[in-house]
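# Structural features, examined
Given next are the chains, with one letter for each unit.
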Amino acid sequence: MINVTKAFLPPLEEYKKYLDGIWDRVHLTNHGPLVLELEEKLKNYLGVKYFYFLSNGTIALQLAIKALDLKGEIITTPFSYVATTSSIVWENAKPVFVDIDPSTFTIDPSRIEAAITEQTSAILATHVYGIPCDVDAIADIARKYNLKVVYDAAHAFGVAHKGIPLLNYGDISTLSFHATKLFHTVEGGGIATNDEELAHKISYMRNFGHNGQEEFWGVGINGKNSEFHAAMGLSNFPYIDSNLDRRKGLSQLYSQWISQFGVSVERPAIAEHVSYNYAYYPVLFSTEEQLIKVRDALVASEIYPRRYFYPSLNTLPYVDNEPMFVADSISRRVMCLPLYYDLPQEETKRICSIIAAVLKF
Ligand SMILES: *Cc1c(COP(=O)(O)O)cnc(C)c1O
């Protein structure tokens, strides 16, 4: 069976070494040495000034909204995982959707200004599949209208844009280290910012607001993560670059077979100036019927691609459903092919030949 993804696990002895230390110290959570070590390593690897390891990527989004005190309307993308939208609603703000760019599948900055009202407090956009949003255009709009910018960078681990680590754009970026993600800690997430004041706020907000044992800076929640999760992150850390290389090679093989077999699918555009992380391999079909036929044929061969991301988030039952022409269309026609560190190379050929056979009819 081949799934869309498979979690990387480090050699068990390497994880066990960290467990030995935990057993010696009996320090299980609350900013233990492994959490601090992982935060330091990730801060350097990701190239940001402040970085906090959190319990998951959803709490990271909620903390970002809280730390920036976002109210009213938040302009956002309809093409992402549901947590991008649900976090806005959960924090009592209103998601206002702006359609996506048909070439990059990220929020279309040329449509943002028309959606801004007196109530707009921020733009929360996703670097979907690890493809950067048009961060320069978004920064210009945010400056002009005095809006905050949050990036859901759950897919953007290690991506650079014009030579700058992508997480440096916007006021805050959030990450997910869920088991299905490129770099994982089983469950986990992170929040990055270059702003000292915001960093301070995030650091106490993720720990109940504590300022020492008996005083409080302000309201907080439990967004911390444990030594066991940090141990998984530290064990996975040395394998990041080799995993990225494997994924790059597999992605190139997919592209090669697609062109060799003359498979008529489109791919989102990744600009020259992007150093990409090969987090996903999405393909766009001409119609939803084609997608379903292809999926059924793959499933019959025990290959399980995923419809990342369907449905379009503007159709969720708890938001105002405004039609989004591009996102509605793309989300019906896009699917991610299996991509993980030890997917056998020959499977890329088999998968592409199955797709080619279906599309010939
Ligand atoms: C995975 C994901 C999240 C949520 O992260 P969790 O760690 O699972 O809470 C948020 N946004 C996007 C775009 C994601 O893919």
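Here we summarise the structure given alongside this text. (Residues numbered from 1 in each chain as written. Predicted model: local features only at pLDDT ≥ 70, side-chain atom pairs only at ≥ 80, totals over all residues. Heavy atoms only, no water.)

### Quick word on the nonpolar core
Stated precisely, the cut-off is as follows: Here the nonpolar core consists of buried residues drawn from Ala, Val, Leu, Ile, Met, Phe, Trp, Tyr and Cys, with membership extended through side-chain atoms lying within 4.5 Å. Relative accessibility under 20% of the residue-type maximum defines a buried residue, over 50% an exposed one, and the middle range a partly exposed one, all with a 1.4 Å probe and only protein chains included. Each helix corresponds to a stretch of at least 4 residues labelled H or I by DSSP, and each strand to a stretch of at least 2 residues labelled E; elements are numbered beginning at the N terminus. An automatic or database domain assignment provides the domain bounds reported here. Contacts between residues were defined by any pair of non-hydrogen atoms, one from each residue, lying within 4.5 Å.
Residues Leu42, Ile75, Phe79, Phe105, Ile112 and Tyr129 are the most contacted members of the largest nonpolar core, which totals 72 residues. Considering every element that reaches this core, the biggest residue donor is helix α2 (residues 33–46), with 5 residues. Split by domain, this core shows at least three residues from each of two domains, domain 1 (2–238) and domain 2 (239–359). When near neighbours in sequence (up to four residues on either side) are disregarded, Ile75 contacts Val96, Val98, Ile107, Ile112, Ala115, Ile116, Thr120, Ala122, Ile123 and Leu124. Core analysis: the next-biggest nonpolar cluster, separate from the first, contains 29 residues, Val263, Leu298, Leu339 and Tyr340 among them.

### Some thoughts on the site of the ligand
Selection rule: To be near a molecule or strand, a residue needs just one of its heavy atoms within 4 Å of it. Polar contacts here mean pairs of N or O atoms no more than 3.5 Å apart (in protein, one a potential hydrogen donor and the other a potential acceptor; neighbouring residues in sequence count only if both atoms are side-chain atoms). Note that accessible areas follow from Shrake-Rupley with a 1.4 Å probe, and for residues the cover is restricted to the protein chains shown. Residues are grouped as follows: Ala, Val, Leu, Ile, Met, Phe, Trp, Tyr, Cys and Pro are nonpolar; Asp, Glu, Lys and Arg are charged; every other residue, Gly included, is polar.
The local shell around the ligand holds 15 residues, among which Thr58, Asp152, His155, Ser176 and Lys181 are the closest. One nitrogen or oxygen atom from the side chain of Asp152 is found 2.7 Å from a nitrogen atom belonging to the ligand. Taken by itself the ligand offers 380 Å² of open surface, and the protein chains cover 91% of this. Residue assignment for the shell around the ligand shows that the elements contributing at least two residues are α3 (57–67) and α4 (82–90). Counted by class, the shell around the ligand contains 3 nonpolar, 10 polar and 2 charged residues.

### Some thoughts on the sheet that holds strand β9 (residues 172–176)
How we decide: If DSSP finds at least two bridges between two strands, the strands pair. Simply put, an axis is a line fit to the C-alpha atoms, just over the touching stretch for a helix, and the angle between two N-to-C directions goes from 0 to 180 degrees.
Overall, mixed pairing links the 7 strands, which are arranged β2-β10-β9-β6-β5-β3-β4 in an open sheet. Edge strands, defined here as strands with exactly one partner in the open sheet, are β2 (50–54) and β4 (94–97). In this sheet, neighbouring strand axes are inclined to one another by 25° on average, regardless of whether the strands run parallel or antiparallel. Summarising the sheet, strand β3 (residues 73–76) and strand β5 (residues 120–126) pair through 4 bridges and their orientation is parallel. Of the residues in β5, the one forming a bridge with Ile75 is Ile123. In the packing of α4 onto the sheet, the strands contacted are β3, β4, β5 and β6 (148–152), and the crossing angle to β4 comes to about 140°.

### Observations concerning the sheet that holds strand β7 (residues 160–161)
Pairing in this open sheet of 3 strands is antiparallel, and the strands run β8-β7-β13 from one edge to the other. In this open sheet, the two strands that pair with only one neighbour each are β8 (164–165) and β13 (274–275). Where β7 and β8 come together, 2 bridges link them in antiparallel fashion. Looking at β8, one finds that Ala160 is bridged to Pro165.

### Quick notes on the pattern of salt bridges
Our working definition: Salt bridges are defined as contacts in which a side-chain nitrogen from Lys or Arg sits within 4 Å of a carboxyl oxygen from Asp or Glu.
Enumeration over the complete set of coordinates arrives at 14 salt bridges. Lys66 is paired through a salt bridge with Glu91; the nearest N and O atoms lie 2.6 Å apart. Of this pair, Lys66 sits in helix α3 while Glu91 sits in the loop between α4 and β4, and the two are 25 residues apart along the sequence. Owing to a relative accessible area of 14%, Glu91 belongs among the buried residues under this scheme. For Arg332, the salt bridge identified is with Glu288, shortest N-O distance 3.3 Å. Within this pair, whereas Arg332 is found in helix α10 (residues 325–333), its partner Glu288 is found in helix α9 (residues 288–300), the two being separated by 44 residues in sequence. One salt-bridge network, held together by shared partners, links Glu288, Arg307 and Arg332.

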